[in-house]
Structure formats: structure tokens, C-alpha cells
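Given next are the chains, with one letter for each unit.
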Amino acid sequence: MTTTNPLLDFTDLPRFDLIQPEHVKPAITQLLADGRALIDRLTGESTPATWADFAGALSEGLEPFGRAWGVVGHLHSVNDVPAWREAYNEMLPEVSRFYTELGQNLKLFDKYRALFKNEAFSRLTVEQQKIIENEIRDFRLGGAELPEDQKPRFQAIMEELSQLSAKFSENLLDATNAFAEVVTDEAVLAGLPDYAKDAAREVAQKAGVEGWKFTLHAPSYGPLMQYADNRELRARMYRAYATRAAEIDNGYSKPEWDNGPLMKRILELRAEDARMLGFANFAEVSLLPKMADTPEQVLAFLGDMAKKAKPFAEKDMAELLAFARDELGIADFQPWDAAYVSEKLLQARYAFSEQEVKQYFTEPKVVAGLFKVIESLFTVKVKEDKAPVWHEDVRFYRIETPAGDLVGQFYMDLYARETKRGGAWMDEARSRKRTAGGIQKPIAYLNCNFARPVGGKPATFTHDEVITLFHEAGHGLHHLLTRGEELGVSGIHGVEWEAVELPSQFMENYCWEWDVLQGMTAHVTTGEPLPRTLYDKMFAAKNFQSGMMTVRQLEFSIFDMRLHCEFDPNSASTVMDVIREVREEVAVLIPPEWHRFPNSFSHIFGGGYAAGYYSYKWAEVLSADAYAAFEEAGNPFDPVVGQRYLDEILSKGGSRPALENFKAFRGREPSPDALLRHSGMIAA
Ligand SMILES: [Zn+2]
């Protein structure tokens, strides 16, 4: 080719000033062809199974494709105009096909195994060894080691499971869509805020009906349950919601949407899959690449936490019941009163104005405050830098050592735009690695969806938004402050699932430090820092009902783990029996007998969280316990602890098991005590 395609320019930063949608197809097509040719060559007999000739060459050779497709995916997320969407979607199936081929290429598996058995293996770096072990593990879990005559059955299980998962989600969506409550008398909507009524009015208008139409989708269902004074209305909505995709006749269901038989079949197939791979149950399969070792260990962790949290959950529940009885005249409290009474209780006891708080978190102060936290913790400097960007709002920064050496760079794209996908996320533009010419420095994208500045004043953020920014910056630091020298375990690569959120949630703690808040707030008109009285109210509200929320998460986690390690789908007992048992142990708010929570538990039946739901709590425990090391030192910026956190956790990436990282930092196994304390549940 004589014309140069800027997507194929890997000399330094992505060429956001030049890259256009029409560059995607030729660049990605070429890179995929190069990738396939490379794999053919590397899996051939003439290629020795050594790190340099095989694994290193493969990683090196596929990096350009990963980087270019990363840029395309990023632009699709932050600049989702029709031309970019089309360019991305046109290549997406090709890219997925390539990755599927890669995961099923048994010649690759053979080479990795040969490399593992080679006596030179022991002389490879820790990182290289870890990458090879991870590859072999993933191939094994994909059935690569099964005898030939068992492979068709294994493949059939995988296919049926993926169809069943998809069907589970479809049934739930169909059921969710099938119910609506139309209200024509506005008096019935007493208590609802205007935004909720306006939204319901709009739904009604779109459907061509009179009045207000409420659905079981979260933006409609949530506010109604939280605010509607009308108890019968809440009860009807609650029952419709709780019986979605179940066998129960609720007046709108269809028998074919019942997820009950699907759950049974999914659990049967997962158990068979586990047996074929040589495991006792599916939980063991799920845990193999994770940080936890055994289902028993996870259940013990959850049980311990439940025992400690339950007294606080009972206290929350008692407060709720007393408030309902004494202040609202509700003597026979029902589950459909929970969200409503909670909201009233929150307003009565812990209210503060989010809008007032927002006036203090002005963008320049917040961003400077974040950088100061990073600089103080990790002895680095954050400086403004220059790069081609995809939108004029985007800022670019560099992190340097005190001596001025470059550590990494990052883009920050803070404001919401119509063409940007929702939420906040960190992504990588380039990963750290060793090259012949030295170290390639990492680059990250930090993306948020905050309101842009208006009327010549700086943008103001809610406290939740500030926490979000710190959270994503934590992911960014995991990527940027790594010392990894091999792509497969550098930064966030190869980090076990439960430990991925450790660095991000860790950073959130600084948003609750009084001294930090003093330094990063300035009222948008007066310039005053956040007043102490307002801070105290925010802090009190932070742990509202944390006991109840904790046991609820534990109930789901224990249910999920037991289903996948103890439950026999072909026994006389049912999925509902399992959740009832779990509730008896941990729950404080027991739903009615007809409640069918499992039938809508998409995380484990429709998504990838099977025997993994506990990871939410586990990650919170890790981040709280890591932060507690600073609290014990009496200084959130203690330099010794900060250096150890950087050395043992943040910079290690996936090069060492996360539990070893944690123990090296903390000198012991993780403990849930810090999380309980931070949540206002101080173990007696
Ligand atoms: Zn996160």
C-alpha cells in the first residue's frame, strides 16, 4: 500500500487527529490476516516451543491488532455517530470469530504445553511462567484435554448452555415487558415526584393511552415503590415484579416464559461439564481462575460475614418497623412497604441536600484534589500533556517520577455527550512491556458522564460523581503504575476477578477523608470549602441500612455458591428450597412464599457470575482491608504503607496470585472487619 492508514501507525500515541471510520475495515482486515498468518507460522513444526520463538512472538505479533481494535472500540464508545457505529459493527463479527479461533486452536495449546514441559521453563521469568500457566488453564477449561470421543458432547453442552442463558434473559425481558399498570386518576399517584410522573405520562403517550403508565423496568418500578403513598398500587407492582418468568399465574405471564425448567437444565449441564473436566462440581470450575481456592472457603467467608452483619441488619429492620408503625401508621409491615418506608426514614433522620453538596465540588478543585492524592500516595507527579484527541473536551496528562522520567499517560474525558455511551469506565490504549529498545509506557483512557460547565462557571459534581472519578482513576493507576514487562500480566491483565476492583474501590476511601475533602472543595460562588456540618450529614447517610443491604448481598452470594456446589438438580429438593434455607440463616426481610427471586437472577443464569456472585463482597473486603492499613498507620498518606501498597499490590498486576499480593502487603489473610467497620457495623 502506498497510502498510509493512521490506524496502522503504532509509533506512539493513537492518531485521533487523522483516524476516520473508513480506515477501520482495511486496517483491521490486514491485521487479522497478519494475525492468522503469524499463528500458522508459530504453530508449525519448524517453530521451537520456546518463549522467544513462540509465546513471546505471539504476544508481540498480536499486539498491533489489539491496539488498533482498542482504538476502534474506544471511538465507538465515545463518538458513537452513525459512521463510527457502522465501521465498528461491520468488523465486530470478524474480530469475534478471530478470538474464538484463537481459543479453540489446539495447536496453540500443544505449543504452550510443550513450553511448559521444556526444562527451560524454570528459567523463564515469573511473568512468562504465569502467562503460560494461564493459557494452559484456559484451554483445559475449554475442554482441550478431553479424549477425542468426549469432545462432541462437551461442545454440545457449551452450546446448549449458551442458548439456555440467552433464553433465560429473553424470558425475563418478555415478562418484564408484558406487565403495565395504567393509572388514570392522578390522586392515586400521591407521593410520586414530578420526574417519575412525567416519565410515566410519556410512556402512556407513546403507547397511545390516557393517564400514566408504569412498567416493571427499573426507572419506572424503582421510584414507584420508593415514593407512591398508595399501598395497593405498590402491592400490585411488587407481586407482578416478584413473579416474573415464573410458573405463578399473576394475570400476565405466559407459561413459556417460566425460567424454572431452564434453571434446572442449566444446573444439570454445568454439573456435567464439571464432571467431564474432572471436578466435583461447577463451583470448582468457576473458582479455578479466581482468587478463592475452594467453594468451602467462599462459603466460610460468606457465613462469617453474615454472622457479623446480621445483628446490624436486625437493628436496621427493627428501626424500619418502628418507624413504619409510629410515624406512618403501618402496623402490618409488608415487603412492598420496604422501599417506601426506607425512603421516608432516610428523609426524616438523615436528610441533606445533594444539590447543596454539589455546589462545593467544582471541577478544577476536584481534579486537582485527585491528582494531589495520587501524588502524595505514590510519590509521582501528574502534569498536563499534549496529544491528538477525539473531542475538544478531552484532557491529556502524564505521570512522571520525581526525577522527571515518564511513567505513563492518560486521557480524561469527563463530560456526557449524546454520542458517548453511559456510565464511567477505564480502558487501556497501550500496555507496559519490555521491548528491545526499552520499556513501552502504558496509556489509559478515563471516561465519565458528568454534566459539562455552563454559563462560564466551572462544572460541579455530586459526591457520587466524585467517588466515580476516584474509582476509575484507581483502575487507571492499576494499569499505569504497573511494573509488568509482559503484556499478558501487565497492569490489569491476568488479575483475578475478585481483585480487579481492589485498586478502584480503594481510591474511593479518599472521598470520605475530611482533610482531603477540605482541600478539594470550593463553593462555586463563595469559594468556601465544604462545611463540617454538611460533611457530618453525608457521613451519617453513607451507612444508612448497610446491615440490611449487606445481608441481602450475602443471601444472593450464598444461594449462588450452594446451587453450584451442593445442590443436586435431580433430587427432590428445588431451587426455591435452597433460597428458603439460605434466607432462614441470613435474611431479615423475608419475602412472601410466592416470591420467585431465582427466576430473575440473571447474573448467574443469564450472565457470567455463576458461582462468582460472592466476588462483589470479596472485592469490598479486600479494598476496605487494604485501606485499613493506612488507618492503622494513622495517616491516609503514610509513605511507608503507600510504598508497600504500590510495591506489593498495585504494580504487580497479574504476575503473582492476588492473595499472595495481599498477604505480602498486609502480612496476613484478608479480614472482613475493616469493611464491617467502614459500613458502620463494628464487630462487638
Ligand atoms: Zn470498577
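For the structure, see preceding data.
None of the values given here were measured: they were computed from a predicted structure. (Residues numbered from 1 in each chain as written. Predicted model: local features only at pLDDT ≥ 70, side-chain atom pairs only at ≥ 80, totals over all residues. Heavy atoms only, no water.)

**Notes on the environment of Pro529**
So, step 1. On the secondary structure map, Pro529 appears in the loop between helix H18 (514–519) and helix H19 (532–542).
So, step 2. The sequence separation of Pro529 and Ala120 amounts to 409 residues, and the corresponding C-alpha distance is 60 Å.
So, step 3. Setting aside residues up to four positions removed in sequence, Pro529 forms contacts with Tyr360, Gln518 and Thr521. (Helix = DSSP H or I, 4+ residues; strand = E, 2+ residues; numbered from the N terminus. Contact = heavy atoms within 4.5 Å.)

**A closer look at the environment of Thr215**
So, step 1. Within the element layout of this structure, Thr215 appears in strand E2 (residues 212–215).
So, step 2. The class for Thr215 is buried, based on a relative accessible area of 15%.
So, step 3. As a C-alpha pair, Thr215 and Ala306 span 91 residues in sequence and 34 Å in three-dimensional space.
So, step 4. Ignoring any residue separated from it by four or fewer positions in sequence, one finds Thr215 in contact with Phe179, Val203, Ser220, Tyr221 and Met237.
So, step 5. One polar contact links the side chain of Thr215 to the main-chain amide nitrogen of His217, over a distance of 3.2 Å. (Buried < 20%, exposed > 50% of the residue type's maximum accessible area, 1.4 Å probe, protein only. Polar contact = N/O pair within 3.5 Å; in protein donor to acceptor, adjacent residues only side chain to side chain.)

**Describing the sheet that holds strand E9 (residues 443–450)**
So, step 1. A sheet is described by the order of its strands in space; here five strands give the open sequence E3-E4-E5-E9-E6, paired in mixed fashion. Only two strands of the sheet have a single neighbouring strand rather than two, namely strand E3 (381–384) and strand E6 (425–430). On average, each strand axis in the sheet is tilted by 25 degrees relative to the strand beside it, whichever way the strands run.
So, step 2. Two elements, strand E4 (residues 395–400) and strand E5 (residues 406–415), share six bridges in a ladder whose sense is antiparallel. Note that in E5 the partner of Arg395 across the bridge is Met412.
So, step 3. Against the sheet, helix H15 (residues 363–378) makes contact with E3, E4 and E5, and its axis sits at roughly 155 degrees relative to E5, the strand it touches most.
So, step 4. On the sheet, helix H16 (residues 463–480) packs against E4, E5, E6 and E9 and is oriented at approximately 170 degrees with respect to E9. (Pairing = 2+ DSSP bridges. Axes fitted to C-alpha atoms, helices over the stretch in contact; angles between N-to-C directions.)

**A closer look at the coordination of the zinc ion**
Six octahedral donors around a metal ideally subtend angles of 90 or 180 degrees, whereas four tetrahedral donors ideally subtend 109.5 degrees.
So, step 1. Around the zinc ion, the donor atoms from the protein are His471 (NE2), His475 (NE2), Glu501 (OE) and Glu501 (OE), and they sit 2.1 to 2.7 Å away.
So, step 2. In this structure, the zinc ion is surrounded by four donor atoms whose angles at the metal cover 52 to 142 degrees, and the resulting shape is irregular.
So, step 3. Mapped onto the polypeptide sequence, the residues donating to the zinc ion form the spacing pattern H-x3-H-x25-E. Residue His475 is located in helix H16, and its partner Glu501 is located in the loop between H16 and helix H17 (502–508); the two are separated by 26 residues in the primary sequence.
So, step 4. Assessed through its relative accessible area of 9%, His475 is described here as buried. (Donors = N, O, S within 2.8 Å, 3.2 Å for Na, K, Ca; no water. Tetrahedral: all angles 85-135°; square planar, octahedral: opposite > 155°, others 65-115°.)

**Some words on the nonpolar core**
So, step 1. Ranked by internal contacts, the top residues of the largest apolar core, which has 138 residues, are Phe378, Phe410, Phe559 and Tyr645.
So, step 2. With 13 residues, the top contributor of residues to this core is helix H12 (residues 295–328).
So, step 3. Here this core spans two domains, since at least three of its residues come from each of domain 3 (260–355 + 545–605) and domain 4 (358–522).
So, step 4. In contact with Tyr645, other than residues within four places in its own chain, are Phe378, Leu502, Pro503, Phe506, Ala626, Phe630, Leu650 and Phe665.
So, step 5. The next biggest cluster of nonpolar side chains, apart from the first, holds 51 residues, and it includes Leu42, Trp69, Phe139 and Phe396. (Core = buried A, V, L, I, M, F, W, Y, C linked by side-chain atoms within 4.5 Å. Domains from an automatic or database assignment.)

Any functional reading would require information that these geometric values do not contain.
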